[in-house]
Amino acid sequence: MIKKKHLVETLFKALECEEEANAHFYGYTINSLKYYKWLSEEKKEKIKEIITKLGADSKKHKSIIEKLIERVQESKKNVF
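Cut-offs and rules
Residues numbered from 1 in each chain as written. Predicted model: local features only at pLDDT ≥ 70, side-chain atom pairs only at ≥ 80, totals over all residues. Heavy atoms only, no water. Phe/Tyr/Trp six-rings, centres within 6.5 Å; stacked < 30°, edge-to-face > 60°. Buried < 20%, exposed > 50% of the residue type's maximum accessible area, 1.4 Å probe, protein only. Axes fitted to C-alpha atoms, helices over the stretch in contact; angles between N-to-C directions. Helix = DSSP H or I, 4+ residues; strand = E, 2+ residues; numbered from the N terminus. Parallel < 35°, antiparallel > 145°, perpendicular 65-115°, else oblique. Left-handed = near helix turned anticlockwise from the far one by under 90°. Nonpolar A, V, L, I, M, F, W, Y, C, P; charged D, E, K, R; others polar. Contact = heavy atoms within 4.5 Å.

Student: Explain the packing of aromatic side chains to me, please; I cannot follow it from the model alone.
Tutor: Any aromatic ring pair is given by two values, namely how distant the centres are and how the planes are angled relative to each other. Per the counting criterion, the structure on display carries 2 aromatic pairs. Ring centres of Phe25 and Tyr26 lie 5.3 Å apart, and the angle between their planes is 70°; this geometry places the pair in the edge-to-face category. For Phe25, a relative accessible area of 45% translates into the label partly exposed.

Student: Before we go on, may I ask you to explain the packing of helix α1 (residues 4–32) against helix α2 (residues 41–74) in this structure?
Tutor: Two packed helices can be described by the angle between their axes and the distance between those axes. Running from N to C, α1 and α2 point in directions that differ by 160°, and their axes come no closer than 9 Å. By the criterion of interaxial angle, the relationship of α1 to α2 is roughly antiparallel. Handedness of the α1/α2 crossing: left-handed. Grouping the constituent residues of the contact of α1 with α2 by class yields 16 nonpolar, 7 polar and 7 charged.

Student: What should I look at first to understand the environment of Val8 in this one?
Tutor: With respect to the helices and strands, Val8 occurs in helix α1. Judged by relative accessible area, Val8 falls into the buried class, the value being 12%. It is 7.1 Å that separates the C-alpha atoms of Val8 and Val72, two residues lying 64 residues apart in sequence. Look past the residues within four positions of Val8 in its chain and what remains in contact with it is Val72 and Gln73.

Such coordinate-based values are descriptive only and should not be taken to indicate function.
Okay, structure coming up:
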């Protein structure tokens, strides 16, 4: 069992990780591909597709975490 306060803190940390990944990692990685001369255009495009998908999934995770935070904060329970 986990106390409400600790759960909310943990969820906020998870939310921060998702936001940071979207704000920095995914965009940076896609923009950096143009400097990887040793990669073929086909491989660069494949990597871009994968990173774009990861970014979209991360946005979905962020939304889920936000809903979880809201649900836990509104709950009358103090232990989950």
